[in-house]
Amino acid sequence: MSARRCRAVVIGASAGALEVLNQVLPALPASFPLPVFVVVHVPPDRKSLLAELFARRCEMRVREAEDKEPIEPGTIYFAPPNYHMLVETEQALALSADEPVLYSRPAIDILFESAADVYGPALAALVLTGANEDGARGLRAVETAGGQVAVQDPKTAFAAAMPEAALAACPRARIVTPGGVAAYLQELAAMPPVDEN
Amino acid sequence: MTDQVEEIEIQLLLEALYLRYHYDFRHYAATSIKRRLRLAREQMGFASISALQERLLHDETMLPRMLGYLTVQVSEMFRDPSYFKAIRETVIPHLRTYPSLKLWIAGCADGEELYSFVILFREEGLEERTIFYATDINQDALARARAGIYGLERIQLFTENHRKSGGKSSLSEYYSAGYGRAVFDKSLRERVLFADHSLVTDAVFAEMNLISCRNVLIYFNRALQDRAIGLFKDSLSRKGFLGLGAKENLRFCAHADAFSEFNREERLYQRRDG
Ligand SMILES: C[S@@+](CC[C@H](N)C(=O)[O-])C[C@H]1O[C@@H](n2cnc3c(N)ncnc32)[C@H](O)[C@@H]1O
């Protein structure tokens with residue numbers, strides 16, 4: 001399937017996430033036109049420093065998602081610890097306190113599946129480094145809905161299990177290096193609009 | 001895009017559930033409901049959501065199982081210890097000035113939050129002047145809340161949370177352990193009224209000094225959230241307190257003006273005068 005313009009980006013990462021995200025997110029310009037939703041497996045403690053940390057390093061706006069938070073372009077949303085983050089509509093996020101999935105809350109699969117339902121082919125999904133299999137099922141859902149799927153090259157990953165599981169689920173996924181992700185996303189954002197018929 | 005047929009099936013099932021059993025999930029956050037219904041269909045082995053609806057309409061024993069899927073009882077004692085710490089340190093001093101108190105835990109699930117409050121109030125010497133209302137729409141959950149029995153493997157977390165919340169006693173004073181279970185002392189329930197009450201379809205039932213409703217509103221859409229918050233507003237005494245979940249807030253709510261922010265970080269609000 002040829003690449004077409006996306007209206008949102010979803011990213012999932014686990015063990016080793018900080019380092020890769022540090023190469024990816026600060027490289028996106030303030031003018032990046034899409035919302036970017038990020039699930040990182042974090043311990044369930046009340047406070048996560050991810051949003052604060054990246055707010056200082058990124059040109060894009062960075063938030064930790066609140067329940068029913070409006071979705072704005074040019075904004076990076078991190079899932080809060082101990083909640084799943086879902087895309088409710090193209091206008092709003094939602095959170096849930098449902099059981100962990102594959103021991104994780106937030107879970108990448110839940111974000112990806114909900115975003116695939118809402119954005120269909122106008123979604124780009126990216127699975128990065130991690131030591132479990134979360135994200136594989138979600139990536140598959142994005143692919144089935146016609147979205148763009150990409151996986152970090154396992155050879156470049158701090159933990160290869162997650163990208164490998166994602167590749168097993170989506171063998172045709174584009175393989176990207178941490179340094180290449182930002183350029184890839186900008187390319188997707190600049191494509192002609194998706195024809196939805 | 002979402003499968004259109006599935007959307008229709010979901011809408012029809014929720015309508016059927018409402019018409020047949022008066023449980024109204026029609027205005028819950030759609031994405032979560034969809035996920036729960038897919039799980040239900042898969043795990044109960046139905047070919048489609050319509051097939052599930054057919055059974056639900058004709059077989060009432062399906063209702064509790066369905067509610068088990070549509071409602072989520074995931075909870076902890078002293079969940080977010082800093083919330084309970086803030087209540088202990090900043091709300092309790094206000095409550096202490098009243099001769100009698102009413103506290104409502106709305107969406108109490110299996111009772112973890114309720115017992116947290118009763119223990120906190122006992123530690124602060126307020127239990128005896130307080131009536132605790134614990135409500136939920138899930139009967140099975142209410143029964144578990146009434147029983148107050150939790151898996152022993154959860155106690156370590158509860159104990160840790162209790163300590164972090166500024167607990168003045170040892171949690172082990174309140175339960176007896178055996179056969180892999182912790183059975184909480186029945187004296188903790190002496191001043192508790194359990195009730196089947198829905199924030200969607202039921203009305204005000206008493207005047208409260210403190211309402212704690214955590215991780216329930218996230219399952220509602222915005223309009224339904226407004227209804228529930230309106231209910232809380234009408235249920236609170238002047239200067240009464242409302243506590244929400246860690247990621248819930250009144251920012252987008254139609255009744256926001258009726259409340260002042262008491263502790264922004266901990267999602268504690270106070271009803272304004274008059
Ligand atoms: C995730 S639990 C929250 C438990 C606890 N308050 C906490 O934060 O740990 C959500 C609870 O809300 C209940 N609930 C769902 N809809 C409700 C409604 N309309 N009225 C009252 N309770 C409801 C569910 O049955 C479930 O027990």
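For clarity, every value in this text was computed on a predicted model and none was experimentally measured. (Residues numbered from 1 in each chain as written. Chains lettered and ligands numbered in written order. Predicted model: local features only at pLDDT ≥ 70, side-chain atom pairs only at ≥ 80, totals over all residues. Heavy atoms only, no water.)

J.: How do you make sense of helix α5 (residues 81-95) of chain B when you look at a structure like this?
T.: Helical geometry note: an α-helix holds 3.6 residues per turn, so side chains three or four residues apart project in the same direction. Residues and elements named next belong to chain B. Here α5 contains 15 residues, and its C-alpha end-to-end distance of 20 Å stays within 8% of the 21 Å for a straight helix at 1.5 Å per residue. If you look at α5, its biggest bend is around 35 degrees, right at R88. Of all the residues in α5, the buried ones are P81, Y83, F84, A86, I87, R88, V91, I92 and L95. (Helix = DSSP H or I, 4+ residues; strand = E, 2+ residues; numbered from the N terminus. Expected span 1.5 Å × (residues − 1). Bend = angle between axes of the 7 residues up to and from the residue. Buried < 20%, exposed > 50% of the residue type's maximum accessible area, 1.4 Å probe, protein only.)

J.: Just checking my understanding: could you explain the sheet that holds strand β4 (residues 175-178) of chain B for this structure?
T.: Two pairing modes exist for strands in a sheet, parallel and antiparallel, and in both the strands are linked by backbone hydrogen bonds. Residues and elements named next belong to chain B. With antiparallel pairing, the three strands of this open sheet are ordered in space as β3-β5-β4. Of all strands in the sheet, those with a lone pairing partner are β3 (149-151) and β4, marking the two edges. Taken over all neighbouring pairs, the strand axes of this sheet differ in orientation by 25 degrees on average, direction set aside. (Pairing = 2+ DSSP bridges. Axes fitted to C-alpha atoms, helices over the stretch in contact; angles between N-to-C directions.)

J.: Could you clarify how one ought to interpret the interface of chain B and chain A in this entry?
T.: Bring the parts together and some accessible area is lost; that lost area is often taken as the interface size. On the side of chain A, 31 residues touch chain B, which itself brings 36 residues to the contact. Contact between chain B and chain A buries roughly 2700 Å² in total, counting both sides, with carbon and sulfur atoms accounting for 42%. Here chain B is connected to chain A by seven salt bridges. Across the pair D117 of chain A and R38 of chain B runs a salt bridge, and its minimum N-O distance is 3.1 Å. At the boundary of chain B with chain A, the tally comes to 18 residue pairs in polar contact (both at pLDDT 80 or more). Sort the elements by how many residues they give to the side of chain B that touches chain A and helix α2 (residues 30-44) of chain B lands first, with eight residues. Of the residues assigned to the side of chain B that touches chain A, the class counts are twelve nonpolar, nine polar and 15 charged. (Contact = heavy atoms within 4.5 Å. Buried area = accessible area lost by both parts, 1.4 Å probe. Salt bridge = Lys/Arg side-chain N within 4 Å of Asp/Glu carboxyl O. Polar contact = N/O pair within 3.5 Å; in protein donor to acceptor, adjacent residues only side chain to side chain. Nonpolar A, V, L, I, M, F, W, Y, C, P; charged D, E, K, R; others polar.)

J.: I keep staring at the domain arrangement of chain B and nothing clicks. Help me out?
T.: Residues and elements named next belong to chain B. Taken domain by domain, chain B consists of domain 1 (4-70) and domain 2 (81-271). The distance between the C-alpha centroids of domain 1 and domain 2 comes to 29 Å. Tallying the contact residues gives ten residues for domain 1 and eleven residues for domain 2. At the boundary of domain 1 with domain 2, total buried surface from both sides reaches about 870 Å², with 58% on carbon and sulfur atoms. (Domains from an automatic or database assignment.)

J.: I keep staring at the side chain of D136 of chain B and nothing clicks. Help me out?
T.: All names here are of chain B. With respect to the helices and strands, the residue D136 is situated in strand β2 (residues 130-136). No salt bridge is formed by the buried D136; the nearest opposite charge belongs to R144, separated by 8.0 Å. A polar contact is formed between the side chain of D136 and the backbone nitrogen of A109, at a distance of 2.9 Å. If near-sequence neighbours (up to four positions away) are discounted, D136 is found in contact with Q73, G107, C108, A109, L142, A195, D196 and H197. (Lys, Arg positive; Asp, Glu negative; His and termini not counted.)

J.: Where do I start with the environment of F117 of chain B in this structure?
T.: Residues and elements named next belong to chain B. Locating F117 in the fold gives a position in helix α6 (residues 112-123). Using a relative accessible area of 0% as the deciding quantity, one classes F117 as buried. Between the alpha carbons of F117 and I105 there is a distance of 8.8 Å; along the sequence they are twelve residues apart.

J.: Honestly, the site of the ligand in this entry has me stumped. Any pointers?
T.: Residue and element names in this part refer to chain B. Taken together, 21 residues surround the ligand, and among them Y28, S75, R79, E113 and D136 come closest. The separation between a nitrogen atom of the ligand and a polar side-chain atom of E113 is 2.6 Å. Protein chains shield 98% of the accessible area of the ligand, which is 610 Å² for the free molecule. In this structure, the ligand is accommodated by the largest cavity. (Near = heavy atom within 4 Å. Areas by Shrake-Rupley, 256 points an atom, 1.4 Å probe, with all protein chains shown as cover. 1 Å grid on protein atoms, 1.4 Å probe; cavity = no way out; pocket = protein on both sides within 12 Å on 5 of 7 lines; lining within 4 Å. Sits in = over half its atoms within 2 Å of the grid points.)

J.: Help me understand unusual backbone geometry, please; the structure alone is not making it clear to me.
T.: When glycine is set aside, most residues are seen to have a negative phi, and most peptide bonds are trans. Cis geometry marks the peptide bond from R105 of chain A to P106 of chain A, where omega comes out at 5 degrees. Tracing the backbone through its elements, the reader meets P106 of chain A in the loop between β6 (93-96) and α3 (108-119). In this model, L102 of chain A sits at a positive phi of 50 degrees, which is unusual for a non-glycine residue. Checked against the element boundaries, L102 of chain A lands in the loop between β6 and α3. Although it is not a glycine, H22 of chain B sits at a positive phi angle of roughly 65 degrees. Within the element layout of this structure, H22 of chain B appears in the loop between α1 (4-21) and α2.

J.: Even after reading the chapter, I still don't get the packing of helix α4 (residues 136-144) of chain A against helix α5 (residues 161-169) of chain A, so can you show me in this structure?
T.: Between two packed helices, both the angle of their axes relative to each other and the distance between the axes serve to describe the pair. Residues and elements named next belong to chain A. Remark: α4 packs on α5, axes separated minimally by 8 Å, with the N-to-C direction vectors making an angle of 35 degrees. At the point where α4 passes α5, the crossing takes the right-handed sense. Facing A136, L139, R140 and E143 of α4, the residues of α5 in contact are A165, A166 and A169. Its residues placed into classes, the contact of α4 with α5 shows five nonpolar, no polar and two charged. (Left-handed = near helix turned anticlockwise from the far one by under 90°.)

J.: Honestly, the confidence of the model for chain B in this entry has me stumped. Any pointers?
T.: Detail in the predicted coordinates should be disregarded across regions flagged by low pLDDT. Taken as a whole, chain B shows an average pLDDT of 96; of its residues, 99% reach a score of 70 or greater. Listed scores for the predicted complex are pTM 0.95 and ipTM 0.93. (pLDDT = per-residue confidence, 0-100.)

J.: Looking at this structure, I do not really get the sheet that holds strand β8 (residues 148-152) of chain A. What am I missing?
T.: Residues and elements named next belong to chain A. Strand order in the open sheet made by the seven strands is β3-β4-β2-β1-β7-β8-β9, with parallel pairing throughout. Only two strands of the sheet have a single neighbouring strand rather than two, namely β3 (61-64) and β9 (174-176). Sheet twist, expressed as the average angle between the axes of neighbouring strands with direction ignored, equals 20 degrees. Pairing of β8 with β9, which is carried by three bridges, proceeds in the parallel orientation. Bridging from a neighbouring strand, A150 pairs with R174 of β9. Along the sheet face, α3 touches β1 (8-13), β2 (36-40) and β7 (123-127) and points at about 165 degrees away from the line of β1. The sheet contacts of α4 involve β7 and β8, and relative to β8 the element is tilted by about 150 degrees.

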